[in-house]
Amino acid sequence: MASQAEKVELVSTHGAGDCFMGMFCASMINGCSLEESVSRANKAAAIHVSRKSH
């Protein structure tokens, strides 16, 4: 399965994988499809890496 990456201005990749997996697992547990779970996880990780707050 392929998924398009979100385009953001990168601040830091620290924690990106944890953020992705957290959203992916939460989405799957809550009944989202694989495709929807990946899409949500990509968006969450994109937001995470574009902010200084971590």
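Structural notes, computed from the coordinates. Just so you know, these numbers come straight off a predicted model, no measurement behind them. (Residues numbered from 1 in each chain as written. Predicted model: local features only at pLDDT ≥ 70, side-chain atom pairs only at ≥ 80, totals over all residues. Heavy atoms only, no water.)

**Describing the overall build of the protein**
And step 1. When helices and strands are counted, the protein shows two helices and zero strands.
And step 2. Computed over its C-alpha atoms, the radius of gyration of the protein comes to 11 Å, within 12% of the 10 Å expected for a compact globule of 54 residues.
And step 3. Overall, the protein is about 30 × 20 × 10 Å in size when its C-alpha atoms are taken along their principal axes.
And step 4. By the burial criterion, 22% of the 54 residues in the protein qualify as buried.
And step 5. For the protein, the proportion of contacts with a sequence separation of at least 24, taken over those separated by at least 6, is 67%.
And step 6. About 3,900 Å² of surface is accessible on the protein, with carbon and sulfur atoms providing 55% of the total.
And step 7. Taken as two groups, the 5 positive and 5 negative side-chain charges of the protein have centres that lie 7 Å from each other. (Helix = DSSP H or I, 4+ residues; strand = E, 2+ residues; numbered from the N terminus. Rg over C-alpha atoms; globule rule 2.2 N^0.38 Å. Buried < 20%, exposed > 50% of the residue type's maximum accessible area, 1.4 Å probe, protein only. Contact = heavy atoms within 4.5 Å. Areas by Shrake-Rupley, 256 points an atom, 1.4 Å probe, with all protein chains shown as cover. Lys, Arg positive; Asp, Glu negative; His and termini not counted. Charge placed at Lys NZ, Arg CZ, Asp CG, Glu CD.)

**Thoughts on the pattern of salt bridges**
And step 1. All chains considered together, the criterion is met by one salt bridge.
And step 2. One salt bridge connects R40 with E36, and the closest N-O pair in it is separated by 3.0 Å. Here R40 and its partner E36 are both found in helix α2 (residues 34–49), four residues apart, which amounts to about one turn of the helix. (Salt bridge = Lys/Arg side-chain N within 4 Å of Asp/Glu carboxyl O.)

**Side note on the side chain of N42**
And step 1. Looking at the secondary structure, you find N42 in helix α2.
And step 2. The residues touching N42, leaving out its near neighbours within four places in the chain, are S3, Q4, E6 and F20.

**Section: α2**
And step 1. Here α2 is 16 residues long and its end C-alpha atoms lie 22 Å apart, about the 22 Å a rise of 1.5 Å per residue gives.
And step 2. Restricting attention to buried positions, one finds in α2 the residues S37, V38, A41, N42, A44, A45, A46 and V49.
And step 3. Residues of α2 that are buried make contact with α1 (16–29). (Expected span 1.5 Å × (residues − 1).)

**Some remarks on the side chain of S27**
And step 1. By secondary structure assignment, the location of S27 is in helix α1.
And step 2. A polar contact is formed between the side chain of S27 and the backbone oxygen of M23, at a distance of 2.9 Å.
And step 3. With sequence-adjacent residues up to four places away left out, S27 is seen in contact with C32, S37 and R40. (Polar contact = N/O pair within 3.5 Å; in protein donor to acceptor, adjacent residues only side chain to side chain.)

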